[in-house]
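# Close look at the chain arrangement
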Amino acid sequence: MYTRFRYSSVVFLLTICLSTVSCTLLQKESSVKNTYEELKTKFPEAQVNLLQDSIKVIFPNNLVFDAGSASLRLSFHKKLDRFADIINVNTKTNILITGHTDNSGERDTNLKLSLDRAESVKMYLSEKKVAMNRLFTWGLGEKSPIAPNTSEQAKKQNRRVEFIVLYNPKRI
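Residues numbered from 1 in each chain as written. Predicted model: local features only at pLDDT ≥ 70, side-chain atom pairs only at ≥ 80, totals over all residues. Heavy atoms only, no water.

## A closer look at the packing of helix H2 (residues 77-89) against helix H3 (residues 107-127)
- The contact between H2 and H3 brings their axes to 10 Å, and the two run at 60°. In terms of orientation, H2 lies oblique with respect to H3. Regarding H2 and H3, the two cross each other, and that crossing is right-handed. Contacts between H2 and H3 involve His77, Leu80, Asp81, Phe83 and Ala84 from the first element and Val121, Tyr124 and Leu125 from the second.
- Its residues assigned to classes, the contact of H2 with H3 shows six nonpolar, one polar and one charged. (Axes fitted to C-alpha atoms, helices over the stretch in contact; angles between N-to-C directions. Helix = DSSP H or I, 4+ residues; strand = E, 2+ residues; numbered from the N terminus. Parallel < 35°, antiparallel > 145°, perpendicular 65-115°, else oblique. Left-handed = near helix turned anticlockwise from the far one by under 90°. Contact = heavy atoms within 4.5 Å. Nonpolar A, V, L, I, M, F, W, Y, C, P; charged D, E, K, R; others polar.)

Spelled out as structure tokens, the structure:
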């Protein structure tokens, strides 16, 4: 009898654990999908891609930075304001901001500049009430161009930041 009770208890506990994991996965999937749909709708000009359990957002046709600068152009502020509004509503997310450069200049200089660009965006978003502990930065330098660096117009597209929106179930 004790063995059957113990077996029943183990089965019951496993059922609860599996249900909890299943519910968490469904919540994650739902949260990521809802955030994706909202970003896709509110930013038709952006490339918004669903990558399994994260979302990648790129604004490829916007001049975000001047050459050699980490200062955000004023024309990009409104987009970042809208992005911050969406992120502030979707609180179960963290944001990885990756900075990029064109291939002009020294590799080490570009790496530092790309990190400075990501940090610049991080500071701007924090001023828009996005919690700093949700924002992470990474500088990739000239490693991941979205356009060939063969013309000034193409180089402008590579002076950018990208956003990776990650689900974080521990967030309230």
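Now that the structure has been shown, the text picks up again.
## A few points about unusual backbone geometry
- Residue Gln52 is not a glycine yet carries a positive backbone phi of 50°.
- Positive phi outside glycine occurs at Lys129, with the angle close to 75°.
- For Lys129, the location among the structural elements is in the loop between H3 and strand E4 (135-139).

## Observations concerning the packing of aromatic side chains
- For the coordinates displayed, the defined rule picks out five aromatic pairs.
- Judged by centre distance (6.4 Å) and plane angle (55°), the rings of Phe43 and Phe83 are tilted. Pair noted here: Phe43 is in the loop between helix H1 (2-42) and strand E1 (47-51) and Phe83 is in helix H2, with a separation of 40 residues, a long-range link.
- By relative accessible area, which is 1% here, Phe43 ends up buried. (Phe/Tyr/Trp six-rings, centres within 6.5 Å; stacked < 30°, edge-to-face > 60°. Buried < 20%, exposed > 50% of the residue type's maximum accessible area, 1.4 Å probe, protein only.)

## Some words on the environment of Val64
- Examined against the element boundaries, Val64 turns out to sit in the loop between strand E2 (54-58) and H2.
- Not counting residues up to four positions away in its chain, the partners in contact with Val64 are Ser71, Leu72, Arg73, Phe76, Arg159 and Arg160.

## Some words on the nonpolar core
- One finds Leu39, Val57, Phe83, Ile97, Val121, Leu125 and Phe163 to be the most contacted residues of the largest nonpolar core, which totals 30 residues.
- Where this core is concerned, the elements lending two or more residues are H1, E2, H2, strand E3 (93-99), H3 and strand E5 (161-167).
- Ranked by the residues each element gives to this core, the list is headed by H2, at five residues.
- Each residue touching Val121, except ones within four places of it in the same chain, is listed here: Phe65, Leu72, Leu80, Ile97, Val161 and Phe163. (Core = buried A, V, L, I, M, F, W, Y, C linked by side-chain atoms within 4.5 Å.)

## Some words on the pattern of salt bridges
- Under the defined criterion, the tally for this structure stands at eleven salt bridges.
- With its nearest N and O atoms 3.6 Å apart, the salt bridge here joins Arg82 to Glu45. Within this pair, whereas Arg82 is found in helix H2, its partner Glu45 is found in the loop between H1 and E1, the two being separated by 37 residues in sequence.
- As a salt-bridge pair, Arg107 and Glu142 come within 3.8 Å of each other at their nearest N and O atoms. (Salt bridge = Lys/Arg side-chain N within 4 Å of Asp/Glu carboxyl O.)

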